[in-house]
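Structural characterization, general
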Amino acid sequence: MQASQPAFFKQGPKPLTRFFLFSVLSVSLIVGDANYQMLGPVRQQLSILLYPLQWLVTAPFEVLRDTSTFLSRQAELLGENRKLHDAQLLASVNAMKLKSLEAENARLRQLNSVQASQPSQLTEILYNGRDPFTARLIVDRGERAKISEGQIVVDASGVVGQVVRVQSMTSEVRLISDRNHMVPVQIERNQLRTVIYGMGRGLPLEIRNMSSNSEIKEGDILITSGIDGLYPPGLPVAKVQKIERNTGNAFARIYCTPLAGIEQHRFLLILDHNQAAAPYPANASETAGAKKKKGR
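Residues numbered from 1 in each chain as written. Predicted model: local features only at pLDDT ≥ 70, side-chain atom pairs only at ≥ 80, totals over all residues. Heavy atoms only, no water.

1. A closer look at the overall build of the protein
Keep this limit in mind: Numbering of helices and strands starts at the N terminus; helices are DSSP runs of H or I of at least 4 residues and strands are runs of E of at least 2. Whether a residue is buried, partly exposed or exposed follows from its accessible area with a 1.4 Å probe, protein chains only, as a fraction of its type maximum: under 20%, in between, or over 50%, in that order. Contacts between residues were defined by any pair of non-hydrogen atoms, one from each residue, lying within 4.5 Å. Residue exposure ignores everything except the shown protein chains as possible cover, and the areas themselves are Shrake-Rupley values with a 1.4 Å probe.
Secondary structure summary: the protein contains four helices and 12 strands in total. The buried share among the 296 residues of the protein stands at 33%. Counting contacts in the protein only where the partners sit at least 6 residues apart, residues at least 24 apart contribute 59% of the total. Per element, the accessible surface of the protein, about 19,700 Å² overall, is 58% carbon and sulfur.

2. Considerations on the sheet that holds strand 7 (residues 193–197)
Convention followed: Each pair of strands is called paired provided DSSP finds at least two bridges between the two strands. Lines fitted to the C-alpha atoms define the axes, with helices restricted to the stretch that makes contact. Angles between their N-to-C directions range from 0 to 180 degrees.
Spatially, the six strands close up into a barrel ordered 6-7-8-11-10-9, and their pairing is antiparallel. Neighbour-to-neighbour, the strand axes of this sheet turn through a mean angle of 40°, independent of strand direction. Across five bridges, strand 6 (residues 182–187) lies against strand 7 in antiparallel orientation. Note that in strand 7 the partner of Pro 184 across the bridge is Val 195.

3. A closer look at the nonpolar core
Rules: Side-chain atoms within 4.5 Å link the members of a nonpolar core, which is a set of buried Ala, Val, Leu, Ile, Met, Phe, Trp, Tyr and Cys residues.
Within the largest apolar cluster, 24 residues are counted, with the highest numbers of intra-cluster contacts made by Ile 196, Leu 222, Ile 254 and Cys 256. Taken together, the elements giving at least two residues each to this core come down to strand 3 (152–154), strand 6, strand 8 (205–211), strand 10 (236–244), strand 11 (251–258) and strand 12 (267–271). By residue number, the principal contributor to this core is strand 10, which donates four residues. Excluding residues within four positions of it along the chain, Ile 196 makes contact with His 181, Met 182, Val 183, Val 185, Leu 205, Glu 206, Ile 207, Leu 222, Val 237, Ala 238 and Cys 256. Listed in part, the 16 residues of the second largest apolar core include Ala 135, Leu 137, Ala 260 and Ile 270.

4. Notes on the pattern of salt bridges
Which entries qualify depends on this criterion: We define a salt bridge as a side-chain nitrogen of Lys or Arg found within 4 Å of a carboxyl oxygen belonging to Asp or Glu.
The full count for this structure, using the stated rule, is 10 salt bridges. Across the salt bridge formed by Glu 124 and Arg 266, the nearest N and O atoms sit 2.8 Å from each other. One end of the pair, Glu 124, is in strand 1 (residues 120–128); the other, Arg 266, is in the loop between strand 11 and strand 12, with 142 residues separating them in the sequence. Its salt-bridge partner being Lys 242, residue Glu 244 comes within 3.3 Å of it at the nearest N-O pair.

5. Description of the sheet that holds strand 2 (residues 136–139)
Around the barrel, which closes on itself, the six strands sit in the order 1-2-5-4-3-12 with antiparallel pairing between neighbours. For this sheet, the mean angle separating the axes of adjacent strands, direction not counted, is 45°. Of the pairings in the sheet, the one linking strand 3 to strand 4 (residues 159–166) comprises three bridges and is antiparallel in character. Counterpart to Ile 152 in the pairing with strand 4 is Gln 162.

6. A closer look at a nonpolar patch on the surface
Put simply, the rule reads: Patches here are clusters of residues that have more than 30% relative accessible area and form no salt bridge, with a 9 Å joining cutoff for like charges and a 5 Å cutoff for nonpolar side chains (Val, Leu, Ile, Met, Phe, Trp, Tyr).
Together, Val 42, Leu 46, Leu 49, Leu 50, Leu 53 and Val 57 line one region of the surface with nonpolar side chains, adding up to about 570 Å² of accessible area. Locating Val 57 in the fold gives a position in helix 3 (residues 40–117).

7. A short note on the pairing of strand 12
Most of strand 12 is tucked away, with five of its five residues classed as buried. Covered by surrounding structure in strand 12 are Phe 267, Leu 269 and Leu 271 together with Leu 268 and Ile 270, the residues of both alternating faces. Here five bridges tie strand 1 to strand 12, and the two strands are oriented antiparallel to one another. By the bridge assignment, Thr 123 is partnered in strand 12 with Leu 268.

8. Focus: the confidence of the model for the protein
Interpretation of the predicted coordinates at a detailed level should be avoided for regions scoring low in pLDDT. We count it as follows: Confidence scores per residue from the predictor, reported as pLDDT, run from 0 to 100.
Residues with a pLDDT of 70 or more make up 82% of the protein, whose mean pLDDT is 80. Note on residues 282–296: pLDDT under 50 across the span, and 14 contacts to partners over four residues away in sequence or across chains.

9. Regarding the packing of aromatic side chains
As a reminder, the rule being used: For Phe, Tyr and Trp, where Trp contributes only its six-membered ring, two rings pair if their centres lie within 6.5 Å, and the inter-plane angle classes them as stacked under 30 degrees, edge-to-face over 60, or tilted in between. We count a charge as sitting over a ring when the NZ of a lysine or the CZ of an arginine lies within 6 Å of the ring centre and within 35 degrees of the ring normal.
One pass over the structure, following the stated rule, counts zero aromatic pairs. Across from the ring centre of Tyr 197, 4.4 Å away, lies the NZ or CZ of Arg 208, which sits over that ring.

10. Some details on unusual backbone geometry
Despite not being glycine, Lys 146 shows a phi value in the positive range, around 65°. A positive phi angle is found at Gln 191, which is not glycine, with a value near 65°. Of the residues examined, Gln 191 reaches a relative accessible area of 43% and is grouped as partly exposed.

11. Brief notes about the pairing of strand 6
Burial runs high along strand 6: five of the six residues are buried. Here strand 6 folds back onto strand 7 in antiparallel fashion, the turn holding five residues, of which Gln 191 has a positive phi close to 65°. For strand 6 and strand 9 (residues 221–224), the ladder comprises three bridges, and the chain directions are antiparallel. Pairing of Ile 187 across the sheet is with Leu 222, part of strand 9.

Here you go:
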C-alpha cells in the first residue's frame, strides 16, 4: 500500500501565502535595484535579447513616418521649384521689357536731337500697309494734327519716306524702299547728283542709269539733293553697298542700303512743310552705317 503524500505537496502554498512571498520578493528586488543596481546586468541582457522584437514591432511605423515625411518634403520642394521657375520667367520677361525700353528711350533721345534742329512732329507707327506688294506704313497723325500729303518722314538716321494719304486720325507713309519710288540724291563726297529707286519691301535701293565710269564707290553716303522740291536738301538717305561694273554694259548696277531703320523703329518724325533741312546730329549717317555693318 503506497504512502499518500501530505496535502501540502498536493495543493501547494495557499494563494495568500504565495501573494505574500511574491510581494516580499518584489519589494526586495525593487529596493535592491534602487539602492544597489542589482538588476542592471539582467536588464541590459534582456534589452539586447528584446531589441530585434522591438525593431520588428516599430519598423512599419518608422517606414510609414519616413515615407510620409519624404512625400510631404517632395511636395514642398516641387512647390518651391515651381515658384522659383515662375519667378525666373517673370524676371526674364521684366529684363527683356527693360532692355526694350532702354533701346526705345535711346531712339527717342536720338529723335529728340533731330527734332531740336528740324521742325517736326513725333508720330507712332500703328501697322504696316495691307498690300503685301507695297512698302507702306500707317502712323497715328492725320488731318487733326495738321498733317498733309507730301510731308517727309524721317528717323534719327535719315529719310524713311513720304506721306501719300491723309485721313482724320491717321496717315499713310510710302517708304523709300517702295517699288519704283524715287528720291533725288547726291553723293555727299563729291556732290554728284543722281536718283535712287526703291525695289520693294526688304530689298536694297538701286541707282539706275549711271555710267560705269562715274565717280562713285562703295561706302559713299547719299543725301537728298532737293532738286525735286519735295525732299529738302541734305537729308541722309542711303549708303552705297555694292557696285557692279560690266565692260559690256554702259550703265553700272549700284545697290544701296537705307540709312534709316525703315523696318525697325516704332516712332518717326514728320517734317513740317517748307523747311530746309538743318544739319543732322554729328556723324548721324556714319553712326547708322556702322550700326548696319555691325548688324550684318
